[in-house]
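Given next are the chains, with one letter for each unit.
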Amino acid sequence: MTTIQMNADVYRSLSIIAEDSDLMKKAMVYLRKLARQKQEDEALMTKDEFLSMIDKRMEDYEKGEYVSFSSPEEMRQFLEAL
């Protein structure tokens, strides 16, 4: 489903519930909650951003710029030091 199709579906659904103030209030509360989650979650990214990040990390790996661990304990110590 494309973004245009999803937008059309959202507006179609809103037009159905628009005359019921209780349903509109519930929809508003939920939409605000979703918007806050997106604003607060710095890990959220677009598909293009995600693929670009993977490409960058693969380039780093090919250049030998990465961290490896010989044991889970070594990895734990590294993470705790961050």
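Above this note sits the structure.
Now for a quick tour of the structure. Note that this is a predicted model, so its numbers are computed, not measured. (Residues numbered from 1 in each chain as written. Predicted model: local features only at pLDDT ≥ 70, side-chain atom pairs only at ≥ 80, totals over all residues. Heavy atoms only, no water.)

1. Here's the deal with the overall build of the protein chain
Of the regular secondary structure elements, the protein chain holds four helices and zero strands. Each helix and strand of the protein chain, ordered N terminal to C terminal, gives the series α-α-α-α. What you see for the protein chain is a C-alpha radius of gyration of 22 Å, clearly larger than the 12 Å of a compact globule of 82 residues, by over 25%. The principal-axis extents of the C-alpha atoms in the protein chain amount to approximately 60 × 30 × 15 Å. Residues counted as buried form 2% of the 82 residues belonging to the protein chain. Of the roughly 7900 Å² of accessible surface on the protein chain, a fraction of 57% belongs to carbon and sulfur atoms. With 12 positive and 17 negative side-chain charges, the protein chain shows a separation of 7 Å between the mean positions of the two kinds. (Helix = DSSP H or I, 4+ residues; strand = E, 2+ residues; numbered from the N terminus. Rg over C-alpha atoms; globule rule 2.2 N^0.38 Å. Buried < 20%, exposed > 50% of the residue type's maximum accessible area, 1.4 Å probe, protein only. Areas by Shrake-Rupley, 256 points an atom, 1.4 Å probe, with all protein chains shown as cover. Lys, Arg positive; Asp, Glu negative; His and termini not counted. Charge placed at Lys NZ, Arg CZ, Asp CG, Glu CD.)

2. Describing a nonpolar patch on the surface
Taken together, the side chains of Met-45, Phe-50, Leu-51, Met-53, Ile-54, Met-58, Tyr-61 and Tyr-66 make up a nonpolar region of the molecular surface, amounting to roughly 760 Å² of accessible area. Within the secondary structure layout, Met-58 lies in helix H3 (residues 47–62). Residue class for Met-58 comes out partly exposed when judged on its relative accessible area of 44%. (Patch = residues over 30% accessible without salt bridge, like charges linked within 9 Å, V, L, I, M, F, W, Y side chains within 5 Å. Salt bridge = Lys/Arg side-chain N within 4 Å of Asp/Glu carboxyl O.)

3. Remarks on helix H2 (residues 21–40)
A rise of 1.5 Å per residue sets the reference length of H2, with its 20 residues, at 28 Å; its end C-alpha atoms lie 28 Å apart and thus fit the reference within 8%. Two or three places before Asp-22, at the start of H2, stands the capping residue Asp-20, its side-chain oxygen 3.0 Å from that residue's backbone nitrogen. (Expected span 1.5 Å × (residues − 1). Polar contact = N/O pair within 3.5 Å; in protein donor to acceptor, adjacent residues only side chain to side chain.)

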